[in-house]
Amino acid sequence: MKFFIDTANLIEIKEAQSLGILDGVTTNPSLMAKEGISGKKNIFNHYKSICDIVDGDVSAEVISTNFNGMIEEAEQLCKIDDKIVIKIPMILEGIKAIKYLTKKKIKTNCTLIFSCGQALLAAKAGATYVSPFIGRLDDVSTSGLKLIEEIREVFNNYSFQTQILAASVRHTMHIIECAKMGAEVMTAPLSAIKNLANHPLTDLGLAKFLDDHKKSNK
Ligand code: G3P
């Protein structure tokens, strides 16, 4: 399973990279705004800074909602770095853009996926990744994990190359369940990634090991 971090915060990206387990970064306009990054030049510079930190794919989202605008943005974003993956919203104009970009061998991440049909459509268009938002589905009393399961079944049936990128991940159980279902990628905040390491028995066990060592090495 590839681990992406879902943030535009450079300090968090550096910390995740330093763990040695980071495979990429996903951003969105809200995450960029959260970091106070605005204006095309600053936004592009920020993407470059992210690309300079990580080894893997960096999703950069288009703002346009029409085909021509998306393609124009995608072509500019691609020039920032080879690591850039174009994040396209799940709308019909977006599907056309994904098809076009796929033919040009440009990687895409179809975002705002909330149904299996949307994932199927994006896969048909050749998306590199589909991003089902599991946490946001949970927020409206619908199982986000169930959606991952459905998409996995459909993609397996037809051997689609499109990778499931579980997004809007909120906690460790989301990550673990997605791993069990075979989502190729998950993107999560740094806190959820780091929480995977936590177990009270590990803390207790380590404290005892160190204490016993100290006692016998006085
Ligand atoms: O980057 C897309 C997605 O992961 C957003 O998550 O927490 O805003 O629902 P969230």
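Remember, predicted model here, so these are calculated numbers, not experimental data.

On to the layout of surface pockets. In this structure, the largest pocket spans a volume of roughly 350 Å³. Residue lining of the largest pocket: 23 residues in total, with Asp-6, Asn-28, Leu-31, Ser-168 and Pro-189 positioned closest to the centre. Listing elements by their share of the lining of the largest pocket, those giving two or more residues are α2 (29–34) and β5 (108–113). Per-element tally for the lining of the largest pocket: the top contributor is α2, with three residues. Taken as a whole, the second largest pocket spans an internal volume of roughly 230 Å³.

Further remarks concern the packing of helix α5 (residues 92–103) against helix α6 (residues 116–125). Where α5 contacts α6, the axes come no closer than 8 Å and their chain directions differ by 30 degrees. Considering their axes alone, α5 and α6 lie roughly parallel with respect to each other. When α5 is examined against α6, the residues Leu-92, Ile-95, Ile-98, Lys-99 and Thr-102 are found in contact with a partner set consisting of Leu-121, Ala-122, Lys-124 and Ala-125.

What follows deals with the sheet that holds strand β1 (residues 2–6). Spatial strand order, β1-β2-β3-β4-β5-β6-β7-β8: eight strands in a closed barrel with parallel pairing. Each adjacent strand pair in this sheet contributes to an overall mean axis angle of 30 degrees, direction not counted. Pairing of β5 with strand β6 (residues 129–132) involves three bridges; the strand directions are parallel. Looking across to β6, one finds that Asn-109 is bridged to Tyr-129. Contacting β5, β6 and β7 (163–166), helix α8 (residues 144–158) crosses the sheet at an angle of about 175 degrees to β7.

Analysis parameters
- Residues numbered from 1 in each chain as written.
- Predicted model: local features only at pLDDT ≥ 70, side-chain atom pairs only at ≥ 80, totals over all residues.
- Heavy atoms only, no water.
- 1 Å grid on protein atoms, 1.4 Å probe; cavity = no way out; pocket = protein on both sides within 12 Å on 5 of 7 lines; lining within 4 Å.
- Points joined across faces, edges and corners; volume = space filled by probe spheres on them.
- Helix = DSSP H or I, 4+ residues; strand = E, 2+ residues; numbered from the N terminus.
- Axes fitted to C-alpha atoms, helices over the stretch in contact; angles between N-to-C directions.
- Parallel < 35°, antiparallel > 145°, perpendicular 65-115°, else oblique.
- Contact = heavy atoms within 4.5 Å.
- Pairing = 2+ DSSP bridges.

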